[in-house]
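# Structural overview
Chain residues, written in single-letter form:
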Amino acid sequence: MDLILQARKAIEAYNARADVEARRLLDMHAIEFPRGQLAREREALLLQLR
């Protein structure tokens, strides 16, 4: 949950450096929890970054 929260905060910063950090955090989450409870939210956040 912590990785998702950190990624969400980074996305809300609305700058390129924060977007890179958010992507890194979401990628880490995908590795650690590929099918976890928050996978759907992770995918939605990744779509926001695109």
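Higher on the page you've got the structure.
Notes on the structure in this doc start here. Keep in mind it's a predicted model, so treat the numbers as computed, not measured.

We now examine the side chain of His 29. In this fold, His 29 is placed in helix α2 (residues 16-32). In this structure, His 29 is in contact with Leu 3, Ile 4, Pro 34, Leu 38 and Arg 42, ignoring residues within four places of it in sequence.

Turning our eyes to something else, we now look at the nonpolar core. By size, the foremost hydrophobic cluster in this structure holds 12 residues: Leu 3, Ile 4, Ala 7, Ala 10, Ile 11, Ala 18, Ala 22, Leu 25, Leu 26, Leu 38, Leu 45 and Leu 46. Those elements giving two or more residues to this core turn out to be α1 (2-12), α2 and α3 (39-49). Ranked by the residues each element gives to this core, the list is headed by α1, at five residues. Residues in contact with Ala 7, not counting those within four places in the same chain, are Ala 22, Leu 25 and Leu 26.

Moving on, we come to the side chain of Arg 42. Take Arg 42: it is sitting in helix α3. The exposure class assigned to Arg 42 is buried, which follows from its relative accessible area of 4%. Of the polar contacts made by the side chain of Arg 42, one reaches the side chain of His 29; its length is 2.9 Å. Among the polar contacts listed, one links the side chain of Arg 42 to the side chain of Glu 43, at a separation of 3.5 Å.

A few words on α3. For α3, the complete set of buried residues consists of Ala 39, Arg 42, Leu 45 and Leu 46. With its buried residues spanning 120° around the axis, α3 presents them on a single face. The outward face of α3, more than 90 degrees from its buried face, is lined by the exposed residues Arg 40, Leu 47 and Gln 48. Of the surrounding secondary structure, the elements contacted by the buried residues of α3 are α1 and α2.

Conventions used here
Residues numbered from 1 in each chain as written. Predicted model: local features only at pLDDT ≥ 70, side-chain atom pairs only at ≥ 80, totals over all residues. Heavy atoms only, no water. Helix = DSSP H or I, 4+ residues; strand = E, 2+ residues; numbered from the N terminus. Contact = heavy atoms within 4.5 Å. Core = buried A, V, L, I, M, F, W, Y, C linked by side-chain atoms within 4.5 Å. Buried < 20%, exposed > 50% of the residue type's maximum accessible area, 1.4 Å probe, protein only. Polar contact = N/O pair within 3.5 Å; in protein donor to acceptor, adjacent residues only side chain to side chain. Arc of directions from axis to C-beta.

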